[in-house]
Amino acid sequence: MTVESTAARTPRRSAGSKAGATGTKAADTRRRTGAKKSADPELVQLLTPEGKRVKNAEYDKYVAGITAEELRGLYRDMVLTRRFDAEATALQRQGELGLWASLLGQEAAQIGSGRATREDDYVFPTYREHGVAWCRGVDPTNLLGMFRGVNNGGWDPNGNNFHLYTIVIGSQALHATGYAMGVAKDGADSAVIAYFGDGASSQGDVAEAFTFSAVYNAPVVFFCQNNQWAISEPTEKQTRVPLYQRAAGFGFPGVRVDGNDVLACLAVTKWALERARNGEGPTLVEAYTYRMGAHTTSDDPTRYRGDEERLAWEAKDPILRLRRHLEAAHHADEGFFEELEAESEALGKRVREAVRAMPDPDLFAIFENVYADGHALVDEERAQFAAYQASFADAEGV
């Protein structure tokens, strides 16, 4: 079975009355407020779900020179990212990871935007940007240490200009804005991009980041992956207007892109990053996509959404969409897909072996790097913890 069918292989159960009630309430809210149903939004699209290339006068130039090899590269990125994600989910179910946040269905948004960045750009992710990490050259096995509980990140952020995963919702938008303000003061020819979800758009940190970035004309792109659900809350309970329109209230442009179209995500993000580098300030990109799986492995999406919604989005699968385009344009043959399938299986094997070989963490590492020059209270806490650990050895000797 091919990798791009992973989404379709996920078992489904009926959403039951709770999901149905949620849908009814949402419809009532739309009628009461006059809000339009967001099932068919206006967005930038370069590839249809059937894989057909469509023209766009504003954004075509950003992908005009893309080659067949580069298109195959984008496809490879998405397939391998999905394979890694599926393996991580399985490892969590087997007890090897404490938790996992899947990106299933969001591969195009992440790979398209990630490949739009330059080496000297700086990325601030949430905890779900596994595809962006892949584009930045972070070894996927390094993403798993935190979820296994053996480290606090697993990679040097400055080695790839890719910050550690951020668990606190929305705070990375402020971090990115501050960093971008520093980039501007340094006069550097680079940009910053911050990732967050539709739920995080309701956080005060994000609003503050919008304010500061606009006032100081910071070279930052806010990339919102609107995957329709902030855990169990639908987007229409988060906002009265499409998310990208919020940017106008802060004085900078916003654009909505088809988040399942890797070409469109690549083009729009290139445009936004170019604006930032040219001193034109921030941009909000809303990638309109869908979270095919659970919010995390501790979540059960069948409690709040129905099968029909997922089936409709499966038809827009980002990997299948690009494969159709590659085949129709004769940019890839069956040999390419077979080799990629073998490569994805090899990646899965490597991930399994790497996770199980991870050493237990140094119990005292938590006290390191708290203060640059040390602190008496930390020293006291370290000593107390050492005595506590020693008590287990004394008990074993009895």
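It should be emphasised that the depicted structure is a prediction, and the values quoted were computed from it without experimental measurement. (Residues numbered from 1 in each chain as written. Predicted model: local features only at pLDDT ≥ 70, side-chain atom pairs only at ≥ 80, totals over all residues. Heavy atoms only, no water.)

### Here's the deal with the overall build of the protein chain
This is how the line gets drawn: A run of H or I in DSSP counts as a helix once it spans at least four residues, and a run of E counts as a strand once it spans at least two, with each numbered from the N terminus. Only protein chains enter the accessibility calculation, which uses a 1.4 Å probe. A residue is then buried if its area is under 20% of the maximum for its type, exposed if over 50%, and partly exposed in between. By definition, residues are in contact when any of their heavy atoms lie within 4.5 Å. Only the protein chains shown count as cover for residues, and all accessible areas are computed by the Shrake-Rupley method using a 1.4 Å probe.
Tallying secondary structure elements over the protein chain gives 15 helices and 7 strands in all. Out of the 398 residues in the protein chain, the part that is buried amounts to 50%. Within the protein chain, contacts between residues separated by at least 24 positions form 75% of all contacts whose residues are at least 6 apart in sequence. Of the accessible surface of the protein chain, which amounts to about 18500 Å², a share of 51% is contributed by carbon and sulfur atoms.

### Considerations on the pattern of salt bridges
Stated formally: What counts as a salt bridge is simple: a side-chain nitrogen of Lys or Arg found within 4 Å of a carboxyl oxygen of Asp or Glu.
The full count for this structure, using the stated rule, is 24 salt bridges. Here E327 ties to R323 by a salt bridge, and the two come within 3.1 Å at their closest N and O atoms. In this pair, E327 and R323 both sit in helix α13 (residues 318-328), 4 residues apart, roughly one turn of the helix. For R323, a relative accessible area of 10% corresponds to the buried category. One salt bridge connects D379 with R382, and the closest N-O pair in it is separated by 2.9 Å. Of this pair, D379 and R382 both sit in helix α15 (residues 376-397), 3 residues apart, which is roughly one turn of that helix. Given the relative accessible area of 25%, R382 is considered partly exposed.

### Thoughts on helix α3 (residues 68-93)
Given 3.6 residues per helical turn, the α-helix brings residues three or four places apart onto the same face. Operational definition: To estimate how far a helix should extend, the number of its residues minus one is multiplied by 1.5 Å.
When the terminal C-alpha atoms of α3 are compared, their 38 Å separation across 26 residues agrees well with the 38 Å that a helix rising 1.5 Å per residue should span. Phi for G95, located one or two positions after α3, is positive at around 90°.

### Details of unusual backbone geometry
One can expect most non-glycine residues to show negative phi and most peptide bonds to be in trans. The residue Q228 is not glycine, and still its phi comes out positive at about 80°. Judged by relative accessible area, which is 10%, Q228 ranks as buried.

### What to know about the packing of aromatic side chains
Keep this limit in mind: Note on aromatic contacts: the rings of Phe and Tyr and the six-membered ring of Trp form a pair at centre separations within 6.5 Å, being stacked when their planes are under 30 degrees apart, edge-to-face when over 60 apart, and tilted otherwise. For a lysine, the NZ atom is tested; for an arginine, the CZ atom; a charge sits over a ring if that atom is within 6 Å of the ring centre and within 35 degrees of the ring normal.
Here the structure, examined in full by the defined rule, presents 28 aromatic pairs. Measuring from centroid to centroid gives 6.1 Å for Y75 and F336, while their planes differ by 50°, and the two rings are tilted. Linking Y75 in helix α3 with F336 in helix α14 (residues 334-356), this pair joins segments that are 261 residues apart in sequence. Plain terms: the ring middles of W100 and F147 are 4.8 Å apart, the flat faces sit at 65° to each other, and that makes the pair edge-to-face. Taken together, the residues W100 in the loop between α3 and α4 (107-116) and F147 in helix α6 (residues 144-148) connect sequence positions 47 residues apart. No difference in accessibility class separates W100 from F147, as the two residues are buried. One aromatic cluster in this structure is built from F84, W100, F147, W155, F162 and Y165. Between K316 and the ring centre of W313, over which it is positioned, the NZ or CZ distance is 4.2 Å.

### Observations regarding the environment of L164
Its location among the elements puts L164 in the loop between α7 (157-160) and α8 (171-186). Sequence separation between L164 and Y127 is 37 residues; the distance between their C-alpha atoms is 8.6 Å. Among all residues touching L164, those that are not within four sequence positions of it are P125, N152, G153, W155 and P157.

### Quick notes on the packing of α3 against α14
What counts is decided by this rule: In this description, a line fitted to the C-alpha atoms serves as the axis of each element, helices being fitted only across the stretch in contact, and the angle between N-to-C directions of two axes falls anywhere from 0 to 180 degrees. What makes a crossing left-handed is the near helix being turned counterclockwise from the far one by less than a right angle; a clockwise turn instead makes it right-handed.
Where α3 meets α14, the closest approach of the two axes is 9 Å, and the angle between their N-to-C directions is 35°. For the pair α3 and α14, the sense of crossing is right-handed. Contact residues: R72, Y75, R76, V79, L80, R83, F84, E87 and L91 in α3; F336, F337, L340, E343, S344, E345, L347, G348, V351, R352, V355 and R356 in α14.

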